Amino acid sequence: LTSDTPGKNVTLTSPSLSEPAITIKNRSDVTIENLHIDLSGFPQKEKGIVITGSAERCRIRNCVVSDAGKAGIELSGAVGGEGADGIVLEAITFQKASPTSAGVHVTKSSTGTPTQRVTVQRCRFFGSMSSGVLLEGPVESLTIRNCGVTGSTSGIRFAGGAIAKKILID
């Protein structure tokens, strides 16, 4: 899913009030790039992208997520592959979100599977959101690299009881 016009992102809005704009569930080799997900006018619970289950080689890059009520991108038991086959969130701008939202939110999955092998790099978090990256669910092998946060309460927040293993913040 990509824009063919150099320098111009496609804008995506979700017609459903209860569903995220994009759901990736048990899908490998997914690439989303040069996309603007505009969630303005949606209820506060809205999410831009939700990733669950096996998601080897899932790449989201050069995108903008605006006006998220709960999360720009939610990872719930999302499992990337080993090494270069992991989940990569790269050069994403999260902006104008609700004060209670997070840019990237790792939640508890219904199966108890931890989110695994995820890289968040060169992302920017602007506005009054609660945190750039919020870890509430179990996570293993998470790398956060070269990201910037402006205006949020926390850059990276580990919620009480969250189990986090092999975390690299660079």
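Residues numbered from 1 in each chain as written. Predicted model: local features only at pLDDT ≥ 70, side-chain atom pairs only at ≥ 80, totals over all residues. Heavy atoms only, no water.

Caption draft 1: Highlighting the overall build of the chain. For the chain, the helix and strand inventory stands at zero helices and 18 strands. The proportion of buried residues among the 170 residues of the chain is 49%. Counting contacts in the chain only where the partners sit at least 6 residues apart, residues at least 24 apart contribute 79% of the total. By element, 48% of the accessible surface of the chain is carried by carbon and sulfur atoms, the whole surface being about 7900 Å². (Helix = DSSP H or I, 4+ residues; strand = E, 2+ residues; numbered from the N terminus. Buried < 20%, exposed > 50% of the residue type's maximum accessible area, 1.4 Å probe, protein only. Contact = heavy atoms within 4.5 Å. Areas by Shrake-Rupley, 256 points an atom, 1.4 Å probe, with all protein chains shown as cover.)

Caption draft 2: Structural context of the pairing of strand β11 (residues 102-107). Along β11, six of the six residues are buried, which leaves the element largely enclosed by surrounding structure. Of the pairings in the sheet, the one linking strand β8 (residues 71-79) to β11 comprises five bridges and is parallel in character. Counted as the bridge partner of Ser76 is Thr107 from β11. Across four bridges, β11 lies against strand β14 (residues 131-135) in parallel orientation. (Pairing = 2+ DSSP bridges.)

Caption draft 3: Layout of the pattern of salt bridges. Throughout the structure, instances matching the rule amount to eight salt bridges. Here Arg61 and Glu33 are joined by a salt bridge, their closest N and O atoms 3.3 Å apart. In this pair, Arg61 sits in strand β6 (residues 59-61) while Glu33 sits in strand β3 (residues 31-33), placing the two residues 28 residues apart along the sequence. Judged by relative accessible area, Arg61 falls into the partly exposed class, the value being 25%. Judged by its relative accessible area of 21%, Glu33 is partly exposed. Lys47 is the salt-bridge partner of Glu74, the closest N and O atoms lying 3.5 Å from each other. (Salt bridge = Lys/Arg side-chain N within 4 Å of Asp/Glu carboxyl O.)

Caption draft 4: Molecular detail of the environment of Ala164. Summarising the element assignment, Ala164 is placed in strand β18 (residues 164-169). The sequence separation of Ala164 and Leu142 amounts to 22 residues, and the corresponding C-alpha distance is 8.4 Å.

Caption draft 5: Structural view of the pairing of strand β9 (residues 87-90). Side chains of β9 alternate between two faces, with Ile87 and Leu89 and Val88 and Glu90 buried alike. Judged from the three bridges that link them, β6 and β9 form a sheet pairing that is parallel. Pairing of Arg59 across the sheet is with Val88, part of β9. Across four bridges, β9 lies against strand β12 (residues 115-121) in parallel orientation. The residue of β12 that forms the bridge with Val88 is Thr119.

Caption draft 6: Layout of the packing of aromatic side chains. Counted by the stated rule, this structure contains one aromatic pair. Aromatic pair Phe94 and Phe125: ring centres 4.9 Å apart, planes at 5°, arrangement stacked. In this pair, Phe94 sits in strand β10 (residues 93-95) while Phe125 sits in strand β13 (residues 124-126), placing the two residues 31 residues apart along the sequence. Here the two residues Phe94 and Phe125 agree in accessibility, since each one is buried. (Phe/Tyr/Trp six-rings, centres within 6.5 Å; stacked < 30°, edge-to-face > 60°.)

Caption draft 7: Main features of unusual backbone geometry. At Arg122, a position not held by glycine, the phi torsion is positive, near 55°. Within the secondary structure, Arg122 is located in the loop between β12 and β13. Positioned with a positive phi, Ser141 is a non-glycine residue whose angle comes to about 60°. Assignment of secondary structure puts Ser141 in strand β15 (residues 139-145).

Caption draft 8: The side chain of Arg59, seen in detail. Tracing the backbone shows Arg59 in strand β6. Of the side chains bearing the opposite charge, Asp85 lies closest to the buried Arg59, which forms no salt bridge; the N-O distance is 5.2 Å. There is a polar contact of 2.3 Å between the side chain of Arg59 and the backbone oxygen of Ala84. Once you skip the residues sitting within four places of it in the chain, Arg59 turns out to touch Val30, Thr31, Ile32, Ala84, Asp85, Gly86, Ile87 and Val88. (Lys, Arg positive; Asp, Glu negative; His and termini not counted. Polar contact = N/O pair within 3.5 Å; in protein donor to acceptor, adjacent residues only side chain to side chain.)

Remember, this is a structural readout, not a statement about activity or role.
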